[in-house]
Amino acid sequence: MDRVDLNPPADTVGHRADAYAAAPLLNCLLREVAEPYPAAGPRPVFRLPGTGRLLRVRPGRRPADPEVQAAGDWHRLGHSELVKLVAEELRRHTGLSNGDLPTEMIDSRDAVAALLTARAGATAPEDPYLRSEQSLITGHPYHPAPKARGGGPVAAWLPYAPEAHAHFPLVLLGVREDQMVEEGDTRALDALGTAPPGYRLLPAHPWQLDLVARDLAPAFADGRLVRLGTTAFDVWPTAAIRTVYEPRRDLFLKFSLDVRITNDIRRLWRHDLLKLRRTDSAATAAFAAMGPPAAWLSDRGYRTADFAFEELAVLVRDGLRGHLLPSATPLLAAGLAEGFEGSPLATTAGPDAWWEAYLRQVVPPALTAFDAHGVVIEAHLQNTLVAVDAAGTPVQALFRDAEGAKVLPDVPRAAGWERLVYCLVVNHLSEIAAALAEHHPGFDPWPTARRELARHDLPEIPALLASPTLPGKTNLLLRWTGADGADARYLPLPNPLGDRG
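Residues numbered from 1 in each chain as written. Predicted model: local features only at pLDDT ≥ 70, side-chain atom pairs only at ≥ 80, totals over all residues. Heavy atoms only, no water.

## Some words on helix H1 (residues 13–32)
Counted at 1.5 Å a residue, the expected span for H1 with its 20 residues is 28 Å, and the 29 Å between its end C-alpha atoms agrees. Most of H1 is tucked away: 15 of the 20 residues are buried. (Helix = DSSP H or I, 4+ residues; strand = E, 2+ residues; numbered from the N terminus. Expected span 1.5 Å × (residues − 1). Buried < 20%, exposed > 50% of the residue type's maximum accessible area, 1.4 Å probe, protein only.)

This is the structure:
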């Protein structure tokens, strides 16, 4: 298969933005709606069942150059034309209209263009961990609008964009003590500055503070909130955008952000915060029982204001240093899949050994947490850090995000297993495997993955390895039909784990 070239010679930012934005949208369309159509030629052809149109693309894990057939000829589609085609197809296919999603698709493409322009004049962080967190120009490879930023003006969000290598100070607020709410260990917040008598320190993300400024005006007016300036240091936004990292203090903070990013408005919702301690405690206990090298980055606690519980919530997460093996370098798994300067996935000379080491670090903790401890971690690309040694070989996996984790029997075991298989195999391992095979043509990663899974004595493993399909999340249809982002819906995908020997 051809490798999609997202940066051809003499190309413009606009053309590059079109290519970046078209690839995940095409991935969604081909996975969720299109039907393979028999046709001769080097490029696969698909039938769109709602409109009956024929579509062909340049194949690969990032499909490109979409063309639609009309009057017997093939016509190239730009990104805006592709959006119109997808919208018409989905109206016919589902019988529903949606005016918001096409706008988000265009917003996502325009955001990519702004990010590409900003990156050209920005300096990437020297720290390879931060570089991996800030590398995601494509982002979620199976979402129709992975880079949409709520439709706001570029100037409102670009200063806080990880993809633009942003770093910035946090705003410091004082919340009156009788209005403060907290749970868990939030002591790290008190070290960020000094609050006046009768107040407690509450850091705020400047973008979120701008978004909710009107709602907070009465609290500032009557003294429930006071402004205390900014931190004396910058923080670096991670791939999650609303989660930031301060390297010197080794401190992660996660904020609410009233912006739709992929499927959800990214608030720290009250119902999630209220169950956070139970979920995080279960995950922390599971990884403590496993012992090193696997690690869980605990969401230690949260602090907020009672009158703006969700809007001003901030979550304190474990840093890296207390968990990392000596001399190991953590890297975001999503960054390994997307690619960044210095990525060991791209430079390894021995894909077999590297892949086996990768699987040995990532797979066992996720399966053991589920089977032995009843914890379903979201082991997808953006929630997994893989630490490598000086030679670039994976030696450790670190997992994060108690907000997305589930505990049995709050969810049935079968539902938890389906979610784990989607996050770990479909979202995570499939992308790393495809990236590795792209750098090493002819390399087949799946026999090794099958052996790694087979050595774990879970009752679900034999059925997983024998199944012809895996569950694939339908992000395009989910967003088109207006389903809740947490209401995952799956369709069957071909299972590459099948025994081919």
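## Looking at the sheet that holds strand E9 (residues 225–230)
Spatially, E8-E6-E9 is the arrangement adopted by the 3 strands of the open sheet, whose pairing is antiparallel. The open sheet is flanked by strand E8 (199–204) and E9, the only strands paired with a single partner. Between one strand and the next, the sheet's axes are offset by a mean angle of 30°, whatever the strand orientation. Two elements, strand E6 (residues 171–176) and E8, share 6 bridges in a ladder whose sense is antiparallel. In the strand pairing of E8, Leu-172 is matched with Pro-203. Against the sheet, helix H8 (residues 213–222) engages E6 and E9, with an angle of about 95° to E9. (Pairing = 2+ DSSP bridges. Axes fitted to C-alpha atoms, helices over the stretch in contact; angles between N-to-C directions. Contact = heavy atoms within 4.5 Å.)

## Points about the pattern of salt bridges
Enumeration according to the criterion identifies 43 salt bridges in this entry. Arg-58 is the partner of Asp-65 in a salt bridge, and the nearest nitrogen-oxygen pair spans 2.9 Å. The residues Asp-65 and Arg-58 share a single accessibility class, namely buried. Between Glu-104 and Arg-479 there is a salt bridge; the shortest N-O distance is 2.3 Å. A residue pair is termed long-range when its members are at least 10 positions apart, and Glu-104 in helix H3 (residues 100–120) and Arg-479 in helix H17 (residues 475–480) qualify at 375 residues. For Arg-479, a relative accessible area of 7% translates into the label buried. (Salt bridge = Lys/Arg side-chain N within 4 Å of Asp/Glu carboxyl O.)

## Description of the pairing of strand E11 (residues 243–246)
Across the two faces of E11 the burial is the same, with Thr-243 and Tyr-245 and Val-244 and Glu-246 all buried. By the bridge criterion, 2 bridges tie strand E10 (residues 236–237) to E11 in an arrangement that is antiparallel. When the bridges of E11 are listed, Pro-237 appears paired with Val-244. Joining the antiparallel neighbours E10 and E11 is a turn of 5 residues, in which Ile-241 adopts a positive phi near 70°. Here E11 pairs with strand E12 (residues 251–255) via 4 bridges, running antiparallel. Looking across to E12, one finds that Thr-243 is bridged to Lys-254.

## So, the packing of aromatic side chains
Across all of its chains, the model carries 12 aromatic pairs by this definition. Measuring from ring centre to ring centre gives 4.9 Å for Tyr-160 and Phe-168, while their planes differ by 85°; the resulting arrangement is edge-to-face. Taken as a pair, Tyr-160 and Phe-168 share a single burial class, namely buried. Ring geometry for Trp-355 and Tyr-358: centres 5.9 Å apart, planes at 20°, overall stacked. (Phe/Tyr/Trp six-rings, centres within 6.5 Å; stacked < 30°, edge-to-face > 60°.)

## Some thoughts on the packing of helix H2 (residues 79–94) against H3
Between H2 and H3, whose axes approach to 10 Å, the crossing angle comes to 160°. In terms of orientation, H2 lies roughly antiparallel with respect to H3. The chirality of how H2 crosses H3 is right-handed. In contact with His-79, Ser-80, Val-83, Val-86 and Ala-87 of H2, H3 contributes Pro-102, Met-105, Ile-106 and Arg-109. Of the residues that constitute the contact of H2 with H3, the class distribution is 6 nonpolar, 2 polar and 1 charged. (Parallel < 35°, antiparallel > 145°, perpendicular 65-115°, else oblique. Left-handed = near helix turned anticlockwise from the far one by under 90°. Nonpolar A, V, L, I, M, F, W, Y, C, P; charged D, E, K, R; others polar.)

## Observations concerning the sheet that holds strand E5 (residues 73–76)
Paired through backbone hydrogen bonds, the strands of a sheet run either parallel or antiparallel to each other. A sheet is described by the order of its strands in space; here 5 strands give the open sequence E1-E2-E3-E4-E5, paired in antiparallel fashion. The open sheet has two edge strands, strand E1 (35–37) and E5, and neither has a second partner. Averaged over all adjacent pairs, the angle separating strand axes in this sheet is 40°, with direction ignored. Here E1 pairs with strand E2 (residues 45–47) via 3 bridges, running antiparallel. Bridge pairing in E2 places Pro-36 opposite Phe-46.

## What about the confidence of the model for the protein?
Residues at a pLDDT of 70 or more form 96% of the protein, whose mean pLDDT is 95. Predicted confidence for residues 1–10 stays below pLDDT 50, and this span has 19 contacts to residues more than four positions away or in other chains. (pLDDT = per-residue confidence, 0-100.)

## Focus on the nonpolar core
If you look at the biggest cluster of nonpolar residues, it comprises 80 residues, and the most contacted ones within it are Trp-355, Tyr-358, Leu-367, Trp-417, Leu-424 and Ile-432. The element best represented in this core is helix H14 (residues 413–439), accounting for 13 residues. For Ile-432, the residues in contact, after removing those within four places along its chain, are Ala-333, Leu-336, Ala-337, Leu-345, Trp-354, Trp-355, Tyr-358 and Leu-381. Grouped together as the second largest cluster of nonpolar side chains are 46 residues, Val-175, Leu-209, Val-212 and Ala-219 included. (Core = buried A, V, L, I, M, F, W, Y, C linked by side-chain atoms within 4.5 Å.)

## Brief notes about the side chain of Lys-147
Here Lys-147 is to be found in the loop between helix H4 (128–133) and helix H5 (154–157). Take Lys-147: its relative accessible area is 6%, and that puts it in the buried class. At a separation of 2.5 Å, a polar atom in the side chain of Lys-147 contacts the main-chain carbonyl oxygen of Leu-136. Of the polar contacts made by the side chain of Lys-147, one reaches the side chain of Glu-163; its length is 2.7 Å. (Polar contact = N/O pair within 3.5 Å; in protein donor to acceptor, adjacent residues only side chain to side chain.)

## As for the environment of Glu-378
Within the secondary structure layout, Glu-378 lies in the loop between strand E19 (375–376) and strand E20 (384–388). A sequence separation of 24 residues divides Glu-378 from Ala-402, and the C-alpha atoms of the two residues are 8.6 Å apart. Among the polar contacts made by the side chain of Glu-378, one reaches the side chain of Arg-419 at a distance of 2.3 Å.

## Quick look at the side chain of Thr-238
Inspection of the secondary structure assignment puts Thr-238 in the loop between E10 and E11. Apart from residues lying up to four places away in sequence, Thr-238 is in contact with Tyr-129, Glu-133, Pro-162, Thr-243, Val-244, Tyr-245 and Phe-252.

## A few points about the packing of helix H13 (residues 351–373) against H14
It is at 12 Å that the axes of H13 and H14 come closest, and there the two elements cross at 165°. On the basis of the axis angle, H13 is roughly antiparallel to H14. Of the two elements, H13 crosses H14, and the hand of that crossing is right-handed. For the pair H13 and H14, contact is made by Pro-351, Trp-354, Trp-355, Tyr-358, Leu-359, Val-362, Val-363, Ala-366, Leu-367, Phe-370 and Asp-371 and by Arg-413, Gly-416, Trp-417, Leu-420, Leu-424, His-428, Leu-429, Ile-432, Ala-433 and Leu-436, respectively.

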